[in-house]
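Observations on the three-dimensional arrangement
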Amino acid sequence: MNIKKISLILCVLFISASMFTIHSASVSAATNSNITFEDVTKNHPAYEEINYLVSLGVIQGYFVNGKRVFGPNNNVTRGQAAKMVVVASGNKPLVVNKSSFSDVTVGTEMSGYIERAVQLGFFDKNIKGEFLPNKALSRGEMSYVLTKAFNLDTSEYEGINSPFTDVGITHEYVKYINTIYYNGITNGTGKTYLPNSTVTRSQFSLFVSRAKSEKYRLELPVKGVTVPDTSQVIGLVKVTTDGLNIRKSTDSASTTNIVGKVNTGGKLSVYAVEGNWLKVSYKGAYAYIFKQYAEFLDADGNALGAVEKEVTTKNAVNLYVKPTSSAKVISTIKANVKLPVYKTVGGYYLTQVNGLPGYVVANSTTDTVEEEKPNPDPDPGTPPVTSGDVLGRVTVANLNVRSQSNSTSAVLFKLNKGEYVQVNSISGYWAEISYNGQTGYVHKSYLKLLNQTAKPLQNRVIILDPGHGGKDPGTVKGSVSEKSITLKVSTQVKQLLENAGAKVYMTRTGDTYPSLQDRVDFTQANYGEIFVSVHVNSAANTSAQGTETYYAISTGDMYQEDIDLATFVNNQIVNNLNMKNRGVKQEQYYVIRNMVIPSILVELGFLTNTEDHNKMTNDQYVNLFAESIYNGILQYYKKQ
């Protein structure tokens with residue numbers, strides 16, 4: 001009987017407790033939902049978000065003269081921010097016996113929230129044992145706090161440029177600012193983020209609400225993309241290949257970032273040059289294309305054409321996008337800089353600086369006295385009498401001769417461009433040489449190595465680079481791809497060179513895709529002495545045809561060697577295969593501009609032209625292409 005009574009009593013107590021708990025929770029929710037602030041009206045831009053945080057118990061405001069207020073325009077302090085993010089992230093204050101900070105008193109409400117926020121890693125700085133709870137939170141700090149409190153993934157946003165002009169890639173908070181921007185939590189202030197500015201309580205409420213709930217987030221921007229400002233265009237380019245990928249970020253290994261494709265002849269406005277990439281506008285947004293497959297045009301959308309003359313700047317001059325001083329300034333050019341002139345437009349010269357075309361005021365320059373251009377002589381010259389099987393002709397001015405085979409050892413003396421030395425031995429990139437009874441070491445990249453035996457190519461280290469490959473087919477016409485033609489031709493050139501005694505390395509020997517930097521690294525790792533990259537051309541106009549060969553201006557005046565090599569190879573192809581001669585041209589393509597050895601890029605012909613196409617897909621002509629490249633290299637080494 002007693003047991004039944006006890007059970008009945010326990011049951012009643014349990015039901016009563018449940019009712020009390022439910023009632024208490026209901027009262028609490030009702031209490032929060034009934035909170036209103038005198039200084040936050042329904043017209044306030046953060047009204048909905050502030051009330052959302054009230055419902056979560058994140059904010060309750062305070063009383064002034066008997067009225068509850070929020071203080072939306074007051075700066076949020078570090079202490080207030082700590083409490084808001086701890087509650088909003090579903091955590092509770094941490095009770096401690098001893099404060100971790102000299103300026104935070106144990107037992108106060110703020111103490112528990114600050115201790116918990118720091119324990120959870122929501123704040124990154126401990127300033128001399130102080131938390132500075134009453135100091136205004138900065139916008140930079142805010143990006144860190146929100147990212148940490150709401151577990152936002154930063155991995156996608158490390159090492160990328162910020163969309164804001166005042167947050168550089170090296171800024172301490174750049175990845176956190178990028179993270180909250182690309183997660184729709186903030187869009188900054190115009191083009192700036194103002195990382196050192198303070199945050200008001202209403203602004204912080206907006207940001208916390210967006211971090212907490214998808215409902216309040218802004219429209220998500222595309223990574224690396226903001227709305228293009230046409231006033232910031234620095235140039236116009238024409239695409240030189242079909243099927244060029246347009247990407248929303250500079251990641252060529254990904255396919256998910258491809259937002260479109262453009263074919264040969266397509267024109268795009270350029271906003272910036274970022275390494276090997278051009279930042280362009282595409283369908284109303286910023287995007288990226290690979291620079292190698294685009295050609296800069298003039299302000300009217302026409303090709304730059306041939307260089308008419310060279311001028312030298314008198315003083316510092318502006319480079320304009322258009323031939324008017326009211327146009328955007330691309331850059332400022334220093335005094336005494338030599339510039340190519342492509343055409344004259346109303347008192348302005350069309351020129352090119354660091355690969356970017358633009359216009360300078362014509363009367364701010366003077367005509368440069370023409371220097372004799374290097375002209376390859378098909379007939380080998382006669383070097384001075386020097387003993388030894390291998391001579392080295394110096395290709396740059398003031399070449400250091402060092403006491404040991406490294407770049408930090410003492411400089412014994414210097415050699416002038418055009419002087420000949422005896423090469424005693426070569427190890428890696430260092431050559432032991434003798435000159436006028438003295439012996440020392442020079443970097444072999446600055447010598448043209450000349451065999452004095454009957455075999456000009458014996459032991460010469462030659463790098464062949466079949467363009468494209470793997471996932472990158474290059475130009476494609478029907479079932480024929482550039483990558484297959486370049487590999488076939490290069491493989492035959494390799495065989496011919498090796499038969500002549502050369503040491504030949506190919507950047508790819510199958511259908512693989514080494515990146516452009518991989519090709520540069522491969523060349524350096526194998527101590528290359530010359531570099532020949534083989535490509536195939538294309539154009540929207542099917543009448544475009546012929547062979548052209550490119551060189552880049554690199555260290556010192558070594559480009560004269562590039563011109564020699566390019567001219568010999570280009571002329572051999574043109575003459576042996578009856579190709580239209582499009583000439584030898586200067587262009588800063590990545591694989592040739594990043595070499596310190598003679599390097600060329602040869603475009604065999606146009607796959608889009610019927611005549612060229614037929615030659616490049618005919619085995620007999622493929623053999624001729626290979627033999628011509630081989631003969632051009634042989635001519636280069638025969639020229640003493």
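As shown above, the structure is provided for reference.
A complete count under the given rule lists 15 aromatic pairs for this structure. Judged by centre distance (5.4 Å) and plane angle (40°), the rings of F37 and F70 are tilted. Pair noted here: F37 is in the loop between α1 (2–33) and α2 (47–55) and F70 is in the loop between β2 (67–69) and α3 (78–88), with a separation of 33 residues, a long-range link. A single burial state applies to F37 and to F70, both of which are buried. Relative to Y173, the ring of Y144 has its centre 6.5 Å away and its plane inclined at 65°; by these criteria the two rings are edge-to-face. Remark: Y173 occurs in the loop between α5 (139–149) and α6 (174–182) and Y144 occurs in helix α5; sequence separation between them is 29 residues. Judged by relative accessible area, Y173 falls into the buried class, the value being 4%.

Here the focus is the sheet that holds strand β29 (residues 530–537). The six strands lie next to each other as β28-β25-β29-β32-β30-β31, forming an open sheet whose pairing is mixed. For this open sheet the edge positions go to β28 (503–506) and β31 (581–586), each flanked by a neighbour on one side alone. Between one strand axis and the next, the sheet turns by 20° as a mean value, whatever way the strands run. The pairing of β29 with strand β32 (residues 599–606) spans six bridges and is classified as parallel. Opposite S533, over in β32, you have L601 as the bridge partner. Contacts from helix α10 (residues 559–577) reach β29, β30 (547–551), β31 and β32, with the element oriented near 170° to β30. Packing of helix α13 (residues 619–638) onto the sheet brings it into contact with β25 (461–466), β29 and β32, and relative to β29 it is tilted by some 150°.

With that settled, consider α6. A large share of α6 lies buried, amounting to eight of its nine residues. For α6, the complete set of buried residues consists of V174, Y176, I177, N178, T179, I180, Y181 and Y182. Of the surrounding elements, those touching the buried residues of α6 are α5. Two residues or fewer past α6, G184 is found with a positive phi of approximately 75°.

In a regular helix each residue adds 1.5 Å, so 20 residues correspond to 28 Å; α13 covers 28 Å between its end C-alpha atoms and thus fits that length. Every buried residue belonging to α13 is among V622, F625, A626, S628, I629, Y630, G632, I633, L634, Y636 and Y637, and all of these are buried.

All right, on to the sheet that holds strand β17 (residues 365–367) then. Strands sit in the order β13-β10-β17 across an open sheet of three strands; the sheet is antiparallel. With partners counted over all chains shown, the strands left at the sheet margins are β13 (338–341) and β17, one partner each. Taken pair by pair, the neighbouring strands of this sheet meet at an average axis angle of 40°, ignoring direction. Examined bridge by bridge, strand β10 (residues 309–313) and β13 share four bridges and lie antiparallel to one another. Among the inter-strand pairings, V311 is bridged to a residue of β13, identified as L339.

Another aspect to go through is the side chain of R210. Here R210 shows up in helix α7 (residues 201–212). Summary of buried charges: R210 has no salt-bridge partner, and the nearest side chain of opposite charge, E49, is 5.2 Å away. Among the polar contacts made by the side chain of R210, one reaches the main-chain carbonyl oxygen of I185 at a distance of 2.8 Å. The residues touching R210, leaving out its near neighbours within four places in the chain, are G184, I185, T186, Y216, R217 and L218.

This part is about the environment of L450. The topology assignment puts L450 in strand β24 (residues 447–451). The spacing of L450 and L391 is 59 residues in sequence and 5.1 Å in space, taken between C-alpha atoms. Excluding its chain neighbours within four sequence positions, the residues that come into contact with L450 are D389, V390, L391, R393, Y420, Y637, K639 and Q640.

Across soluble globular proteins, you tend to see nonpolar side chains buried next to one another. Membership of the largest hydrophobic core comes to 54 residues, with the highest contact counts inside it found for V85, F123, M142, L146, F150 and F204. Secondary structure elements with two or more residues in this core: α2, α3, α4 (109–119), α5, α6 and α7. For this core, the element with the most residues is α3, which contributes seven residues. With sequence-adjacent residues up to four places away left out, M142 is seen in contact with L137, I180, Y193, V199, F204 and F207.

Right, let's talk about the environment of E603 for a bit. One can find E603 in strand β32. If near-sequence neighbours (up to four positions away) are discounted, E603 is found in contact with H535, V536, N537, G546, T547, E548 and Y550.

One non-glycine residue, N336, lies in the positive phi region at around 65°. At Y527, a position not held by glycine, the phi torsion is positive, near 55°. Relative to the helices and strands, Y527 resides in the loop between α9 (516–525) and β29.

With their axes 11 Å apart at the nearest point, α3 and α7 run at an angle of 25° to one another. When the axis of α3 is compared with that of α7, the two are roughly parallel. Remark: the crossing between α3 and α7 carries right-handed chirality. For the pair α3 and α7, the contacting residues are Q80, A81, M84, V85 and A88 in the first and R201, F204, S205, V208 and K212 in the second.

Position of N245 among the secondary structure elements: in strand β4 (residues 244–247). For N245, a relative accessible area of 19% gives the class buried. Only 2.4 Å separates the side chain of N245 from the side chain of K261, close enough to count as a polar contact. Apart from the residues lying within four places of it in its own chain, the contact partners of N245 are I258, G260, K261, Y288 and I289.

On inspection of all chains with the given rule, the structure shows 16 salt bridges. For D619, the salt bridge goes to K488, with nearest N and O atoms at 2.5 Å. Here K488 lies in helix α8 (residues 482–499) and D619 lies in helix α13, a separation of 131 residues in the sequence. Several salt bridges share partner residues, and in doing so they unite K444, R460 and E529 into one network.

Attention now goes to the pairing of strand β21 (residues 420–427). As paired elements, strand β18 (residues 390–394) and β21 share three bridges and run antiparallel to each other. Across the sheet, residue L391 finds its bridge partner in β21, namely Q422. In this sheet, strand β22 (residues 430–435) lies alongside β21 in antiparallel orientation, the contact comprising five bridges. When the sheet's bridge partners are listed, I426 is paired in β22 with A431.

What counts, and at which threshold
Residues numbered from 1 in each chain as written. Predicted model: local features only at pLDDT ≥ 70, side-chain atom pairs only at ≥ 80, totals over all residues. Heavy atoms only, no water. Phe/Tyr/Trp six-rings, centres within 6.5 Å; stacked < 30°, edge-to-face > 60°. Helix = DSSP H or I, 4+ residues; strand = E, 2+ residues; numbered from the N terminus. Buried < 20%, exposed > 50% of the residue type's maximum accessible area, 1.4 Å probe, protein only. Pairing = 2+ DSSP bridges. Axes fitted to C-alpha atoms, helices over the stretch in contact; angles between N-to-C directions. Contact = heavy atoms within 4.5 Å. Expected span 1.5 Å × (residues − 1). Lys, Arg positive; Asp, Glu negative; His and termini not counted. Salt bridge = Lys/Arg side-chain N within 4 Å of Asp/Glu carboxyl O. Polar contact = N/O pair within 3.5 Å; in protein donor to acceptor, adjacent residues only side chain to side chain. Core = buried A, V, L, I, M, F, W, Y, C linked by side-chain atoms within 4.5 Å. Parallel < 35°, antiparallel > 145°, perpendicular 65-115°, else oblique. Left-handed = near helix turned anticlockwise from the far one by under 90°.

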